[in-house]
Amino acid sequence: MTVRPYTDLQVDTLREVANIGAGTASTALARLLGRPVGISIPVAEVLPLAAGIAGLGAPQARVTGVLVPVAGDVPALVLGVFPEAGSARLCELLGVPAEGELGRSALAEASNILATHYLGSLNAMTGLALEPEPPQLTRDLPAAVVHSAIVERLGAAELVLFIDTELRIEGESCALSFLFVPGAAAAAELLSRLGVPL
């Protein structure tokens with residue numbers, strides 16, 4: 001299904017919703033780590049899949065991706081993308097080794113906490129039931145991580161709506177990209193619930 005272009009008002013609305021959700025999520029991560037977590041202003045763009053992937057960093061730099069599928073009223077997904085150095089530092093801050101099952105579990109749980117609070121904010125604003133499913137973790141090149149997550153969950157599309165926020169732990173060289181990717185139906189329903197003309 002092709003995602004149609006959005007108006008400036010629609011994109012601004014989706015960006016503001018994402019900003020509120022990301023703020024709630026970053027507060028939850030800050031409580032988990034015991035230190036402040038900053039957030040960037042979310043970027044909401046409708047892009048070809050390849051262009052969205054390119055925004056996640058060097059194509060040959062392996063990343064850790066944590067996919068949290070979203071069940072409920074509309075199809076969507078949340079994807080945390082950790083550069084190698086970022087995933088290792090976050091595990092260190094959580095007190096677990098980066099390699100092995102403990103590190104994988106820590107990254108999955110941190111992403112699950114982020115997704116749960118993010119989706120909780122969207123639910124409070126729209127009334128939509130958005131329930132996170134168990135996180136799925138993979139380590140691969142950005143293209144493989146994002147392509148499999150989006151295509152397998154939402155189906156092939158010429159254009160995809162990416163809402164990308166960077167979270168940065170204060171005083172640490174640790175950052176991650178936190179993407180909310182609603183399917184076309186989910187974006188339309190979000191806008192409808194928020195009273196924005198479609």
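Cut-offs and rules
What you see as residue numbers is a count from 1 along each chain, following the sequence as written. Confidence filtering applies because this is a predicted model: local features only for residues at pLDDT of at least 70, side-chain atom pairs given and counted only at 80 or more, and all residues used for totals across whole chains, interfaces and linings. Hydrogens and water molecules were not included; the side-chain quantities draw on all heavy atoms of the structure. In the cavity and pocket records, a cavity denotes points on a 1 Å grid over the protein atoms alone where a 1.4 Å probe fits but cannot get out, a pocket denotes an open set with protein on both sides within 12 Å along at least 5 of 7 lines, and lining residues are residues with an atom within 4 Å of a point. Grid points are joined across faces, edges and corners, and a volume is the space filled by probe spheres set on the points. Under the scheme used here, helices are H or I runs from DSSP no shorter than 4 residues and strands are E runs no shorter than 2 residues, and both carry numbers assigned from the N terminus. The nonpolar core is taken to be a set of buried Ala, Val, Leu, Ile, Met, Phe, Trp, Tyr and Cys residues, with the residues joined through side-chain atoms within 4.5 Å. The rule is simple: take the accessible area with a 1.4 Å probe, protein chains only, and divide by the maximum for that residue type; under 20% is buried, over 50% is exposed, in between is partly exposed. Note on contacts: a residue pair qualifies if any of its non-hydrogen atoms lie within 4.5 Å across the two residues. The arc in question is the one traced by the directions running from the helix axis out to the C-beta atoms.

Chemist: Lay out empty space enclosed by the protein in plain terms, naming residues and giving numbers.
Modeler: All told, the structure shown has 1 cavity of 30 Å³ or more when counted by the stated rule. Here the largest cavity is characterised by a volume of approximately 30 Å³. Every residue lining the largest cavity is listed: Leu14, Val17, Ala18, Tyr118, Leu122, Ile163, Phe180 and Leu190. Listed by contribution, the elements that provide at least two residues to the lining of the largest cavity are α1 (8-33) and α4 (101-126). Examining the composition of the lining of the largest cavity, we find that 3 residues originate from one element, α1, more than from any other.

Chemist: Explain the nonpolar core residue by residue, including any values.
Modeler: Core analysis: the largest hydrophobic core is formed by 47 residues, its most contacted members being Val78, Leu90, Tyr118, Ile163 and Phe180. Taken together, the elements giving at least two residues each to this core come down to α1, β3 (63-72), β4 (76-83), α3 (84-93), α4, β7 (160-169), β8 (175-182) and α6 (184-193). Of all the elements, α1 adds the most residues to this core, at 9 residues. Leucine 90 has contacts with Leu33, Phe82, Leu107, Ala110, Ile169 and Cys174, leaving out every residue within four places of it along the chain. Of all hydrophobic cores here, the second largest spans 13 residues; its members include Leu47, Val81, Ala149 and Phe162.

Chemist: Before we move on, could you go through α6 and cite the residues and values that matter?
Modeler: Three or more residues of α6 are buried, namely Ala186, Ala187, Leu190 and Leu191. The buried residues of α6 all sit within an arc of 130° when viewed along its axis, so they share a single face. Positive backbone phi, approximately 75°, marks glycine 195, located one or two places after α6.

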